[in-house]
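# Observations on the model geometry
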2 protein chains.
Amino acid sequence: MSKVLPAGRTILASTIAKLYSEEIVQQVARLSFKPKIVGFLANNDPAGKMYANWTSKTCQDLGFNYELKELDREDLETELIKANNNDDVNGIMVYFPVFGDKQDQYLQQLISMDKDVEGLNFLYYKNLYHNVRFIDEAQTKKSILPCTPLAVVKILEYLGVYNKILRYGNRLYGKKIMVVNRSEIVGRPLAALLANDGATVYSVDINNIQQFTRGDDLSDHKHKVIELPGQDINELIPNCDVIITGVPSPNYKFPSELVKFGTTIINFSSEKNFNDDIKLKAGLYVPSIGKVTIAMLLRNLLRLLENKNKN
Amino acid sequence: MSKVLPAGRTILASTIAKLYSEEIVQQVARLSFKPKIVGFLANNDPAGKMYANWTSKTCQDLGFNYELKELDREDLETELIKANNNDDVNGIMVYFPVFGDKQDQYLQQLISMDKDVEGLNFLYYKNLYHNVRFIDEAQTKKSILPCTPLAVVKILEYLGVYNKILRYGNRLYGKKIMVVNRSEIVGRPLAALLANDGATVYSVDINNIQQFTRGDDLSDHKHKVIELPGQDINELIPNCDVIITGVPSPNYKFPSELVKFGTTIINFSSEKNFNDDIKLKAGLYVPSIGKVTIAMLLRNLLRLLENKNKN
């Protein structure tokens, strides 16, 4: 008599992205020109290429121009400077990693702040880490959030993990969230964002586990990070309300058997970090997030244009 | 620099009741008459009297007639039979306990099913326990839910504990909920309702702890109850997402110190089962629910009238 059917649901990124598309289309329609994004692919990465193709298609569908420039990585610096100075280019993105070392960070910071659709500029990061929402003192120009962490936040809002009845800044109060990835581009800023909203975040990478919380020093508007030396990840997993993974390896699989029933699961890696058995455990499972990330990219571009108008 | 301000919020029943009032007023306006509820107070209970006054005021505000009959408990049986047969009376409620023994159950079942605004009839309970929504085979007449458990469910929906992204019947999947009270009128049916929606419910009374879950036998549409002998309640409390209390004693206080940060707290007792320190722990705290219960009472009355129209 008993049936094994998932009690939870798998939610596709496209379902969530669609909610933003309409808003984006309306905003673009109000502009007197078609905004243009240039994407630089200098690493021959098939995942980057696929992501570029999606971005191109979404741009077309929503009323943007998108140009993909495939080039030798040695030419990237020069081309970025040209794009910074080209008034026809409104947004710039680079498919990282390119060199896979500090040179990548240099290239990121080389992108003009006004065209940085991915929100990678240090000023934007500083604002994120300190919970600052504007880039000017008059508070007219909104800061840009890095688009992948922003996509995860929007997904958590959609899934009802953010509780809208709680006050802004406390909407994740009491939630325990694991983030398996501590890259500077996604994992660390994401952990900070979630901690700033009241969650206890277990930030996991290959070396150690760190705990991000909002901390007590509200004057600093900065989350608090402590190391959890000797902490067994397997003991944390069954206590998590949300598990978010971004491990860029086809061999890595998260241990589904330790996940408690009803946990919210999000994978932002282009690899499948969960086997399908997670569906029998997860409350809500979002197997990939790319389409929401692209929507956030276009949302950021519109915000950059708004900020420019206020100059 | 650090401030101790509650991260959570206290939510008043009036805020939630208001959402239903408008709907109720609109429905009443569509009727060709003013529906009448008679309340029987046969126990001189000041809490019952207060609740009766609230009901009376709410009835007036929302377009109902309300008559309170204070009487000797020995006359209650006769008066209930009269009210059952009086076409001018649309809803009947009794402020229990009256005798405090099996006679009360007899009196409950004596109330005509068609006028049982509190949803105390055994048929309604049977439907609740078996997750049956209608009282007729053609599925045109909706079953009535007992108004206090229903009020708690509506409050949990408002608070976002029910996740609307999940499928109907699974919206509490993975949630751990403690209900301190196992009365036949509130605690037990509430535990069953929550288990039927996918939660694991720890039903606590003075004698023991029982665990209610949906169970595996979906063909029976009935929750599964097991005893948890020797289970220490103090070990369960920090794992609960929601704690609901209904202990009718001024001396009882729930141990706030064991509650984890962010827990949803609801007290349905007319006594204060929590000290104010719970506000520093709770995510959302609903200190009393009476006004929502009254709204559910009127909603039930409108449903009874709809069912009558379908005869």
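Residues numbered from 1 in each chain as written. Chains lettered and ligands numbered in written order. Predicted model: local features only at pLDDT ≥ 70, side-chain atom pairs only at ≥ 80, totals over all residues. Heavy atoms only, no water.

## A look at the overall build of chain A
What counts here: For helices the rule is a DSSP run of H or I covering at least 4 residues; for strands it is a run of E covering at least 2, with both sets numbered from the N terminus onward. For this measure, only C-alpha atoms enter the radius of gyration; the expected value for a globule follows 2.2 Å times N^0.38, where N is the number of residues. Only heavy atoms matter for contacts: two residues are in contact if any of them lie within 4.5 Å across the pair. What sets the accessible areas is the Shrake-Rupley method with a 1.4 Å probe; for residues, cover comes only from the shown protein chains.
In terms of helices and strands, chain A carries 9 helices and 11 strands. Its C-alpha radius of gyration of 20 Å places chain A within 12% of the 19 Å reference for a compact globule of 311 residues. In terms of overall dimensions, chain A has a C-alpha envelope of 60 × 45 × 40 Å along the principal axes. Considering only intrachain contacts with a sequence separation of at least 6, the fraction spanning at least 24 residues in chain A is 62%. Total accessible area on chain A is roughly 14,600 Å²; 49% of this is exposed by carbon and sulfur atoms.

## Considerations on the state of the cysteines
Worth spelling out the cut-off: When two cysteine sulfur atoms lie within 2.5 Å, the pair is treated as a disulfide.
Here the structure, examined in full by the defined rule, presents 0 disulfides over all chains. The thiol of A:C59 is not disulfide-bonded; the next cysteine sulfur, from A:C147, is found 12 Å away.

## Notes on the environment of B:N90
All names here are of chain B. Condition: Only protein chains enter the area calculation, which uses a 1.4 Å probe; residues under 20% of their type maximum are buried, those over 50% are exposed, and those in between are partly exposed. Any N or O atom pair separated by 3.5 Å or less is treated as a polar contact, with the protein-specific requirement of one donor-capable and one acceptor-capable atom, and with residues adjacent in sequence counted only for side-chain atom pairs.
Summarising the element assignment, N90 is placed in the loop between α3 (76-85) and β4 (91-94). Since its relative accessible area comes to 8%, N90 is described here as buried. When the C-alpha atoms of N90 and L258 are compared, they prove to be 46 Å apart, with 168 residues separating the residues in sequence. Apart from residues no more than four positions distant in its own chain, N90 is found in contact with F33, K34, P35, K36, D114, K115, L301 and L305. For N90, the side chain forms a polar contact with the main-chain nitrogen of K36, separated by 2.8 Å.

## Topic: the sheet that holds strand β11 (residues 284-286) of chain B
Residue and element names in this part refer to chain B. This is how it is decided: Think of it this way: DSSP has to see at least two bridges between two strands before they count as a pair.
Taking strand neighbours across the sheet as the criterion, the 8 strands line up as β1-β11-β10-β9-β5-β6-β7-β8 in an open arrangement whose pairing is mixed. What marks the edges here is a single partner per strand, and that holds for β1 (9-10) and β8 (224-227). With 4 bridges connecting them, strand β7 (residues 209-213) and β8 associate as antiparallel partners. Paired with F212 across the bridge in β8 is V225.

## Structural notes on the packing of helix α6 (residues 147-158) of chain B against helix α9 (residues 290-309) of chain B
When two helices pack together, their arrangement is given by the angle between their axes and by how far apart the axes lie. All names here are of chain B. Selection rule: The axes are straight lines fitted to the C-alpha atoms, using for helices just the contacting stretch, and the angles between their N-to-C directions are given from 0 to 180°. Angles below 35 degrees are treated as roughly parallel, those above 145 as roughly antiparallel, those between 65 and 115 as roughly perpendicular, and all remaining angles as oblique. Handedness of each helix crossing follows the sense of rotation of the near helix against the far helix: counterclockwise by less than a right angle gives left-handed, clockwise gives right-handed. Lys, Arg, Asp and Glu make up the charged group, whereas Ala, Val, Leu, Ile, Met, Phe, Trp, Tyr, Cys and Pro make up the nonpolar group; the residues left over, Gly among them, are polar.
At a minimum axis distance of 8 Å, the contact between α6 and α9 shows a crossing angle of 115 degrees. When the axis of α6 is compared with that of α9, the two are roughly perpendicular. For α6 against α9, the interelement crossing comes out right-handed. Every residue of α9 that contacts α6 at C147, T148, L150, A151, K154 and I155 is listed here: V292, T293, M296, L297, R299 and N300. Per-class residue counts for the contact of α6 with α9 are 7 nonpolar, 3 polar and 2 charged.

## A word on the packing of aromatic side chains
Selection criterion: For Phe, Tyr and Trp, rings pair up if their centres lie within 6.5 Å, where Trp contributes its six-membered ring, and each pair is then called stacked (planes under 30 degrees apart), edge-to-face (over 60) or tilted (otherwise). By definition here, charges over rings are those cases where NZ of Lys or CZ of Arg is within 6 Å of the ring centre and within 35 degrees of the ring normal.
A complete count under the given rule lists 10 aromatic pairs over all chains for this structure. Judged by centre distance (5.9 Å) and plane angle (85 degrees), the ring pair of A:Y51 and A:Y95 falls under edge-to-face. With A:Y51 in helix α2 (residues 46-62) and A:Y95 in the loop between β4 (91-94) and α4 (102-110), the pair connects residues that are 44 residues apart, well separated along the chain. Note on A:Y51: relative accessible area 17%, which makes it buried. With centroids separated by 6.1 Å and ring planes inclined at 70 degrees, the aromatic side chains of B:F274 and B:Y285 adopt a geometry described as edge-to-face. With a gap of 11 residues between them, B:F274 in the loop between β10 (264-267) and β11 and B:Y285 in strand β11 connect regions that are remote in the sequence. A relative accessible area of 0% means that B:F274 is categorised as buried. One aromatic cluster is present, formed by A:F254, A:F274 and A:Y285 through successive ring pairs. Its end group placed over the ring of A:F261, A:K281 keeps NZ or CZ at 5.4 Å from the ring centre.

## Quick word on the side chain of B:N196
Residue and element names in this part refer to chain B. Note on placement: N196 falls in helix α7 (residues 187-196). Using a relative accessible area of 5% as the deciding quantity, one classes N196 as buried. Not counting residues up to four positions away in its chain, the partners in contact with N196 are L128, Y129, N131, G169, R214, K222 and H223.

## Examining the sheet that holds strand β7 (residues 209-213) of chain A
As a general point, the strands of a sheet are linked pairwise by backbone hydrogen bonds and lie either parallel or antiparallel. All names here are of chain A. Pairing within the open sheet is mixed, and its 8 strands lie in the order β1-β11-β10-β9-β5-β6-β7-β8. Edge strands, defined here as strands with exactly one partner in the open sheet, are β1 (9-10) and β8 (224-227). In the sheet, strand β5 (residues 176-180) pairs with strand β9 (residues 242-245) via 4 bridges, with the strands oriented parallel. Considered in β9, the bridge of M178 is made with I243. Running over the sheet, helix α6 (residues 147-158) touches β9, β10 (264-267) and β11 (284-286) and is turned about 155 degrees from β10.

## As for the domain arrangement of chain A
Short version of the rule: For every domain, the bounds stem from an assignment made automatically or drawn from a database.
Split into domains, chain A comes out as domain 1 (25-116) and domain 2 (149-291). Look at where the C-alpha atoms of domain 1 of chain A and domain 2 of chain A centre, and you get two points 28 Å apart.

## As for the environment of A:L236
Residue and element names in this part refer to chain A. With respect to the helices and strands, L236 occurs in helix α8 (residues 233-236). Take L236: its relative accessible area is 8%, and that puts it in the buried class. With 34 residues separating them in the primary sequence, L236 and Y202 have C-alpha atoms 8.3 Å apart. L236 has contacts with M178, Y202, I209 and Q231, leaving out every residue within four places of it along the chain.

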